[in-house]
Amino acid sequence: MLAKGKLTYISYFGDIHLNDPNYYEWVTDIEVVRYIGREEYLTTIPFSEVQQYVKNLWDSKFCEFLAVYHKRSNEFIGTAKVNFMNDRGLSNRIADVGIMIGNKEFWGKGLATDILRTVSNFAFKELGVRKLTAGAMSPNIAVVKAFKRIGFVEEGTLRQQLLKEDGEFCDHILLGCFKSELIDS
C-alpha cells in the first residue's frame, strides 16, 4: 500500500492487476471508458494492445500507474495515474493526474473525491510534484466537481476538443492544483 484515504487506498499496478479479467472488462466497457479521453478505447480493443499500453507505462520514467482499492472490502476497483509526461514535466515537477473507477458497483458513492485526494497527496508528498494538472471531458460533471472539491482550479477550456462515444465533440476542461491548494479533509 502506497497511500490510503478515508475510503480507498492505492498500490502500484502490477501483473496481478493487468491479468485480472475485471480490468480488461473495464477498459472494454464503453460506459466505463467514455470519459477517460482515450479514443482508441471507444472501439473494441484487443487485450494485447491493453497489455502493451500498460507495459509502456511501466517502462516510462515519467509515469506512476496505480491500482485503486476500496478500503473496507479490499476490492480492486480502478486505476490512477500520475504522469510527468516528459523531461520538462519531470524537471519542472508538474504531473498530470487521472483516475478510472472501473467497478460500476462503486460509482456514485463519493469515491472519486477520496481517490483524487489520496493520489494527489501521494504525488505531492512522495513524488515531489510541485503542481498537478488534470483534464476532464465537460459532460463528466461529477469528476470536475470532485477535482474542485479537493482544491483544483479550472485553468481553461479547450472548446470542442474531445470526441465522445456518440461521435460528437465536447469541451476539455483543464484543471490545476498546487500543494498549498489541496484540501485535505
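Not measured: the values here are computed from a predicted model.

*Asks:* I keep staring at the nonpolar core and nothing clicks. Help me out?
*Replies:* General note: in soluble globular proteins, nonpolar side chains tend to be found buried as a group. Val97, Val119, Leu132, Phe147 and Phe152 are the most contacted members of the largest nonpolar core, which has 36 residues in total. Contributions of two or more residues to this core are made by β3 (63-70), β4 (76-83), β5 (94-101), α6 (111-126), β6 (131-137), α7 (141-149) and β8 (169-178). Among the elements that line this core, the one with the most residues is α6, at 8 residues. Beyond its immediate chain neighbours, meaning those up to four positions away, Val119 contacts Ile10, Leu66, Ala80, Val82 and Val97.

*Asks:* Teacher, can you tell me more about the sheet that holds β8 here?
*Replies:* Where strands meet in a sheet, backbone hydrogen bonds hold them as pairs that are either parallel or antiparallel. The sheet built from 8 strands is open, its strands ordered β1-β2-β3-β4-β5-β6-β8-β7 with mixed pairing. Strand pairing shows two members of the sheet lacking a second neighbour, β1 (3-4) and β7 (153-163), which therefore form its edges. Sheet analysis places β1 next to strand β2 (residues 8-12), joined by 2 bridges and oriented antiparallel. For Ala3, the partnering residue across the bridge sits in β2 and is Ile10.

*Asks:* Please explain the environment of Gly5 as it appears in this structure.
*Replies:* Inspection of the secondary structure assignment puts Gly5 in the loop between β1 and β2. Gly5 gets classed as buried once you look at its relative accessible area, which sits at 14%. Through-space distance from the C-alpha of Gly5 to that of Phe147 is 15 Å; in sequence the pair is 142 residues apart. Residue contacts for Gly5: discarding those within four places in its chain leaves Lys71, Asp114 and Thr118.

*Asks:* Explain the side chain of Thr8 here, please?
*Replies:* Mapping Thr8 onto the fold places it in strand β2. At a separation of 2.6 Å, a polar atom in the side chain of Thr8 contacts the side chain of Asp114. Not counting chain neighbours up to four residues away, the residues in contact with Thr8 comprise Val68, Tyr69, Lys71, Ile77, Leu111, Asp114, Ile115 and Thr118.

*Asks:* I keep staring at the confidence of the model for the protein chain and nothing clicks. Help me out?
*Replies:* In low-pLDDT regions, the fine details of the predicted coordinates are not to be read closely. The predicted model of the protein chain averages 93 in pLDDT, with 96% of residues at 70 or higher. Mean pLDDT values for the elements of the protein chain range from 81 in helix α3 (residues 30-33) up to 98 in β3.

*Asks:* Looking at this structure, I do not really get the environment of Leu2. What am I missing?
*Replies:* Among the secondary structure elements, Leu2 is positioned in the segment before β1. With 117 residues separating them in the primary sequence, Leu2 and Val119 have C-alpha atoms 9.4 Å apart. Once residues within four sequence positions are removed from consideration, Leu2 is found in contact with Ile10, Ser11, Tyr12, Leu66 and Phe122.

*Asks:* Sorry if this is basic, but what is going on with the side chain of Lys131 here?
*Replies:* Take Lys131: it is sitting in strand β6. Looking at Lys131, the relative accessible area reads 15%, which means it is buried. Reaching out from Lys131, the side chain makes a polar contact with the side chain of Glu155 at a distance of 3.1 Å. Excluding its chain neighbours within four sequence positions, the residues that come into contact with Lys131 are Arg93, Ile94, Ala95, Phe124, Glu155, Gly176, Cys177 and Phe178.

*Asks:* In this structure, what is going on with unusual backbone geometry? I would like to understand it.
*Replies:* Peptide bonds are, in most cases, trans, and in most cases residues other than glycine have a negative phi. Positive phi, normally seen in glycine, also occurs at Arg93, with a value near 60°. Mapped onto the elements, Arg93 comes out in the loop between α5 (87-92) and β5. The backbone of Gln160 shows a phi angle near 50°, a positive value even though the residue is not glycine.

What counts as what
Residues numbered from 1 in each chain as written. Predicted model: local features only at pLDDT ≥ 70, side-chain atom pairs only at ≥ 80, totals over all residues. Heavy atoms only, no water. Core = buried A, V, L, I, M, F, W, Y, C linked by side-chain atoms within 4.5 Å. Buried < 20%, exposed > 50% of the residue type's maximum accessible area, 1.4 Å probe, protein only. Helix = DSSP H or I, 4+ residues; strand = E, 2+ residues; numbered from the N terminus. Contact = heavy atoms within 4.5 Å. Pairing = 2+ DSSP bridges. Polar contact = N/O pair within 3.5 Å; in protein donor to acceptor, adjacent residues only side chain to side chain. pLDDT = per-residue confidence, 0-100.

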